[in-house]
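Summary of structural features
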Amino acid sequence: MRFRHPDGSTVHLAYCTNVHPAETLDGVLAQLRDHCEPVRRRLGRDRLGIGLWLARDAAHALVTDPSALRGLRTALEHRGLEVVTLNGFPYEGFGAEEVKYRVYQPDWADPERLAHTTDLARVLAQLLPDDVTEGSISTLPLAWRTAYDQERATAAHTALTTLAERLDALHELTGRSLRIGLEPEPGCTVETTRDALAPLTAIGHDRIGICVDTCHLATSFEDPHTALDALAQARVPIVKSQLSAALHAEHPHLSEVRAALAAFDEPRFLHQTRTLTAAGLRGTDDLGEALAGDALPDASPWRAHFHVPLHAAPAAPLTSTLPVLRAALTRLVGGPHPLTHHLEVETYTWQALPPELRPRARAQLVDGIAAELTLARDLLTDLGLKELP
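Residues numbered from 1 in each chain as written. Predicted model: local features only at pLDDT ≥ 70, side-chain atom pairs only at ≥ 80, totals over all residues. Heavy atoms only, no water.

1. Points about the pattern of salt bridges
- Under the counting rule described, the total for this entry stands at 23 salt bridges.
- Where Arg42 meets Asp367, a salt bridge forms, and the shortest distance between an N and an O atom there is 1.8 Å. In this pair, Arg42 sits in helix H1 (residues 25-43) while Asp367 sits in helix H12 (residues 362-382), placing the two residues 325 residues apart along the sequence.
- Looking at Asp367, the relative accessible area reads 38%, which means it is partly exposed.
- A salt bridge links Lys100 to Asp286, with the nearest nitrogen and oxygen atoms 2.5 Å apart. Remark: Asp286 occurs in the loop between strand S11 (280-284) and helix H10 (287-291) and Lys100 occurs in the loop between strand S4 (81-87) and helix H4 (111-127); sequence separation between them is 186 residues.
- Accessibility expressed as a relative area gives 13% for Lys100, which makes it buried.
- What you see here is one network of salt bridges that share partners, running through Glu37, Arg40, Arg41 and Arg79. (Salt bridge = Lys/Arg side-chain N within 4 Å of Asp/Glu carboxyl O. Helix = DSSP H or I, 4+ residues; strand = E, 2+ residues; numbered from the N terminus. Buried < 20%, exposed > 50% of the residue type's maximum accessible area, 1.4 Å probe, protein only.)

This is the structure:
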């Protein structure tokens, strides 16, 4: 979906396909047929943006087989879909029964991460619509914190610098300008936007910036205006923003609240949980740890890294951090000029919701994704952007 900003520029809105597990190119093509095109039709749109997730094997197949890449581009056009952004965070296995810490491997100190992201950039340069010259790729924020020392930090810095050089060369070769955004996430080396300032300033290249995920922002209790002001002051480019909402519990000391939270404690994804205390931010790596005994103080609200559907906040006594998304979006695209032109709804947890909230059929998932995009569209038009055909 495309929108005209009052300054005349185009803002792109997509939804991320990591909600549909697929590790191979055939799986990706099936996604387009079974999910993405039906969402477009449900919205009554001639064109729909998707934030494509390509696992390692799918990306490698595309970059090594020009005919396969042409086939994917043809399939996108045939189904009324367009791609200006990729989700390069998960490497493989995102549809596995247990993902948890595996999603952070390989990290930016490992050569496989540079190789995979280079493949993604080469693919995206060929998938961009003919009238679009700028693309974006989000990626993990360097590494999970526990195995990251100075040696690995140096290796990650070198890899990202090398990537920037490759993106410069790709621009010269294709005329397509691509940028990479580190996506701060709780528990990682770069957990907050503040944490991103030093490494991104050290790299000092405008092709390496940040992806602002509004669920992660909220989980870490970051104020959107303060965070975005700091990025602007440091001249860190906001490559893209993922529109998402976290799980919020106002009174975690109450037994009924803990019971409601326990329904979201599931075995597939990691749900980092945070609370803001007088002594600063406290947290656990997963929701189950927070619920076990006194691992996390419960005098103040808790927020958990669980991407809840944008249009459907959990039932009381829980809610979502949609107000944080609204505030961030107002700042991102509500001013005289957009701070980013790429927006992506990223709710990948539909099948991890409590059983009674999960879609039971493909059509229900299509309805849910379409409802999320409708909410995002309404937020954008309320900010003065005009939806384009």
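2. Details of the pairing of strand S9 (residues 245-249)
- In terms of burial, S9 is a largely internal element, 5 of the 5 residues being buried.
- As judged from the 4 bridges shared by S9 and strand S12 (residues 302-308), these two strands associate in the antiparallel manner. Considered in S12, the bridge of Ala245 is made with Val308.
- Where S9 lies against strand S13 (residues 318-320), 3 bridges are found, and the strand directions are antiparallel. Each residue of the ladder has a partner; that of His248, found in S13, is Thr319. (Pairing = 2+ DSSP bridges.)

3. Here's the deal with unusual backbone geometry
- With an omega of -10 degrees, the peptide bond between Gln105 and Pro106 qualifies as cis.
- In this structure, Pro106 sits in the loop between S4 and H4.
- A cis amide bond, omega 15 degrees, links Ala316 with the succeeding residue Pro317.
- Following the sequence through the fold, Pro317 ends up in the loop between S12 and S13.
- Positioned with a positive phi, Lys100 is a non-glycine residue whose angle comes to about 40 degrees.
- One non-glycine residue, Leu142, lies in the positive phi region at around 75 degrees.

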